[in-house]
Amino acid sequence: LVAEADDPIRLPSGEPLVCIYYFPHWWEPWKSDDEVVRQDFQRLRKMGFNTLLLDHEWSQAIDGNWKWLERAHRLAQEAGLSIVPWLSLKTWSDVGSDDRIRLFKEWFGVQVPFGLNQEGSRAAPLIYDDAVLRGGAQYATSYLDRYADKALLKVKWNDGTRPVICLGVEAAWDGSFDETTNLLFCRWLRDRYKTVKALNTAWKRDFHDFLAIDPRDSSVFDYKNHVAGQAKFPQAVEDHVEFRSEMISDSMARMGALVKRKYPNVLLLAEIPYQYGSKHPHAAGYRIAYGANPRSCDYADIVLFRNTGPLDGQEIKSLRDRQKGTGQKFVFTYRTYSDWDVAPESPQFEKTVTLYANQAGKVANGFGFYSWNEMVDTHVAYSPKVEPLGWTPERSEKAIALLAAMVKRYREQVK
């Protein structure tokens, strides 16, 4: 079950999965000029990429009544590229506005229930609620109805070929402090610890009953200070994080099961923005705030990581240990950085190519980058209309040459 260089995810053509984040309708000139997108797609294909990672959330399908999604599939097909779609923003938090709540009911016939933040304000939808699951499944099914025969990614899997979708952007669920969810947490604790005495020993507390536990009590569930490692009762917070993580995975599994009633062969991909076990401060904050423990991705057949950089030995071990238990395939995408404008003749160029491409070839089942033009802080494509972070056309071309060299090296390793 451990990924090796000879075990990549392959497309029906036999090519290994090589992907990149791309967004064709946020910024100019990509939003208004098909030719710019077309040229990019042709260039990416020549560089060795075969798959685009695209935001195709429901909140974007309603913008122009599928206009932008249709455009992306049309242009990707022209270039011979596949698409992996992210179908919702952070477990359906993109439904949040009053107008979108109304539209969600019009599209899917369900009323979305919302959770609460710790201080009592309205938060994301209750991801485990049947209405959210039915609505999400209906959107995924309608997406497959439209695009299963278009540019949607299909991969070899066992003895067949299967389509791939991602039910949500990033493993995430915030705002789980309403009464119903709090009761579910108490039941979860009872199943986990069996007795209040065992819980009190682990938490260093003195509760008399599981039902006396209230995650809204920030003196016990001190999320703010736990991020900095200073919470007085860290195990209490960690248990709540893990509870939310399980709710994410179990809910996405249920949503996926509804989709599979019509598309039984569909593979589910989960995206998580940091590698398991990362000590990066942003990773720690995200994991705690959003419940993005490894368990949150256990429902998926494939897990795609937005790695902060090359993984260290402990991070690789965390992934391998998880993979042994789940049998999942792992795809590594690496964040692109503004200091990647490395001259091809420099020693740093070859060192970077070897470090990234070799690691993905030896540890993961797929390879890619975050991103071409999706995020201001990680893009490599140059545009004078986007905050460039110091990019010039010359610097951008050097960074793109580095990406191309890493893709070439990876493909040579796993051919």
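My aim in this report is to walk through the structure given alongside it, one point at a time.

About the thresholds
- Residues numbered from 1 in each chain as written.
- Predicted model: local features only at pLDDT ≥ 70, side-chain atom pairs only at ≥ 80, totals over all residues.
- Heavy atoms only, no water.
- Helix = DSSP H or I, 4+ residues; strand = E, 2+ residues; numbered from the N terminus.
- Rg over C-alpha atoms; globule rule 2.2 N^0.38 Å.
- Buried < 20%, exposed > 50% of the residue type's maximum accessible area, 1.4 Å probe, protein only.
- 1 Å grid on protein atoms, 1.4 Å probe; cavity = no way out; pocket = protein on both sides within 12 Å on 5 of 7 lines; lining within 4 Å.
- Points joined across faces, edges and corners; volume = space filled by probe spheres on them.
- Nonpolar A, V, L, I, M, F, W, Y, C, P; charged D, E, K, R; others polar.

What to know about the overall build of the protein
Next up, step 1: Regarding its fold elements, the protein presents 13 helices and 11 strands.
Next up, step 2: A compact globule built from 415 residues would reach a C-alpha radius of gyration of about 22 Å, and the protein, at 22 Å, matches this within 12%.
Next up, step 3: Oriented by its inertia axes, the alpha-carbon framework of the protein measures out at about 65 × 50 × 45 Å.
Next up, step 4: Residues counted as buried form 56% of the 415 residues belonging to the protein.

A look at the layout of surface pockets
Next up, step 1: One number sums up the size of the largest pocket: a volume of about 310 Å³.
Next up, step 2: Contributing to the lining of the largest pocket are 22 residues, with V169, E170, R306, Y370 and M375 lying nearest its centre.
Next up, step 3: Of the volumes computed, that of the second largest pocket is approximately 220 Å³.
Next up, step 4: Lining of the second largest pocket is provided by N117, Q118, E119, D174, G175, F177, Y223, R244, A289 and Y290.

Examining empty space enclosed by the protein
Next up, step 1: Enumeration according to the criterion identifies 2 cavities of 30 Å³ or more in this entry.
Next up, step 2: Taken as a whole, the largest cavity spans an internal volume of roughly 60 Å³.
Next up, step 3: Around the largest cavity, the lining residues are T91, G168, E170, A171, A172, I248, M252, A270, E271, C297 and Y299.
Next up, step 4: Contributing elements (two or more residues each) for the lining of the largest cavity: helix 9 (234-259) and strand 8 (267-272).
Next up, step 5: For the lining of the largest cavity, the residue count by class is 7 nonpolar, 2 polar and 2 charged.

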